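Survey of secondary and tertiary structure
Next come the chains, spelled out residue by residue.
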Amino acid sequence: MKKKALYPGSFDPITYGHLDIIKRASEIFDELTIAIVDNPDKHPLFSIQERKELIMTVIKADNVRIDSFQGLLVQYATDNNFQTIIRGLRAVSDFDYEFQMSLTNRRLGENIDTIFFMTDEKYSYLSSSIVKQVCRYGGDISSFVPDDVAIELKEKLK
Ligand code: COA
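Rules of the game
- Residues numbered from 1 in each chain as written.
- Predicted model: local features only at pLDDT ≥ 70, side-chain atom pairs only at ≥ 80, totals over all residues.
- Heavy atoms only, no water.
- Patch = residues over 30% accessible without salt bridge, like charges linked within 9 Å, V, L, I, M, F, W, Y side chains within 5 Å.
- Areas by Shrake-Rupley, 256 points an atom, 1.4 Å probe, with all protein chains shown as cover.
- Salt bridge = Lys/Arg side-chain N within 4 Å of Asp/Glu carboxyl O.
- Lys, Arg positive; Asp, Glu negative; His and termini not counted.
- Charge placed at Lys NZ, Arg CZ, Asp CG, Glu CD.
- Helix = DSSP H or I, 4+ residues; strand = E, 2+ residues; numbered from the N terminus.
- Axes fitted to C-alpha atoms, helices over the stretch in contact; angles between N-to-C directions.
- Parallel < 35°, antiparallel > 145°, perpendicular 65-115°, else oblique.
- Contact = heavy atoms within 4.5 Å.
- Nonpolar A, V, L, I, M, F, W, Y, C, P; charged D, E, K, R; others polar.
- Expected span 1.5 Å × (residues − 1).
- Buried < 20%, exposed > 50% of the residue type's maximum accessible area, 1.4 Å probe, protein only.

Notes on a negative patch on the surface
- A surface patch of like charges, here negative, comprises Glu53, Asp147, Asp148 and Glu152.
- Broken down by element, the negative patch gets its largest block of residues, 3 residues, from helix H6 (residues 147-156).
- For glutamate 152, the location among the structural elements is in helix H6.

Re the packing of helix H2 (residues 48-58) against H6
- The interhelical angle for the contact between H2 and H6, taken along N-to-C directions, is 150 degrees, at an axis separation of 9 Å. Comparing the axis directions of H2 and H6 gives the class roughly antiparallel. On H6, the residues touching Glu50, Leu54, Thr57 and Val58 of H2 are Asp148, Val149, Glu152 and Lys156.
- Along the lines of polarity and charge, the residues of the contact of H2 with H6 split into 3 nonpolar, 1 polar and 4 charged.

Thoughts on helix H4 (residues 92-108)
- In this model, H4 (17 residues) spans 25 Å end to end at C-alpha, consistent with the 24 Å of a helix rising 1.5 Å per residue.
- For H4, the complete set of buried residues consists of Asp94, Glu98, Ser102 and Asn105.
- Looking at the buried residues of H4, the elements they touch are helix H3 (73-79), strand S4 (84-89) and strand S5 (113-118).

Put into structure tokens, the structure is as follows:
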């Protein structure tokens, strides 16, 4: 049976930090699905479709799929037969939130487990918001996101 996993997040936009997790998880699982969350609370800069296209542009692995969902993660996971959720941990400060989410998800969906990857230390300080902020004020984002993402980000923030 194929080992498949789900990597949910906002990806607004995808950064090298996410790509590091995607690469490592896709080497362990037969199939990895990146699920972009349509979370209106976060007032995203890029639409779901734009985020999907950006991710498609920068992902090279054959076993990575891209999808999106609204509502509860557990519902999406159950509907699509996922038992494994992948999350990255950047710093201790991520732990409380991730721990709470992971336990809530397990309570809501009994067979669903979360596997955490320690983010590469190079990206432990990174977030999509930081990248957007640096870009907005004209800073160099080339070490945070791939060129294709940087181009779209600059265009969007013009
Ligand atoms: N490297 C660099 N940055 C990273 C990273 C990594 N490895 N992992 C996460 N980040 C950053 C992201 O860029 C993002 O930055 P931002 O806040 O500036 O946009 C931030 O960390 C948060 O990460 P993200 O993975 O996008 O999480 P999220 O908090 O937006 O969403 C979900 C987490 C999608 C899992 C959660 O909101 C969810 O499940 N939503 C569905 C509703 C639901 O089921 N709720 C109940 C959950 S218990």
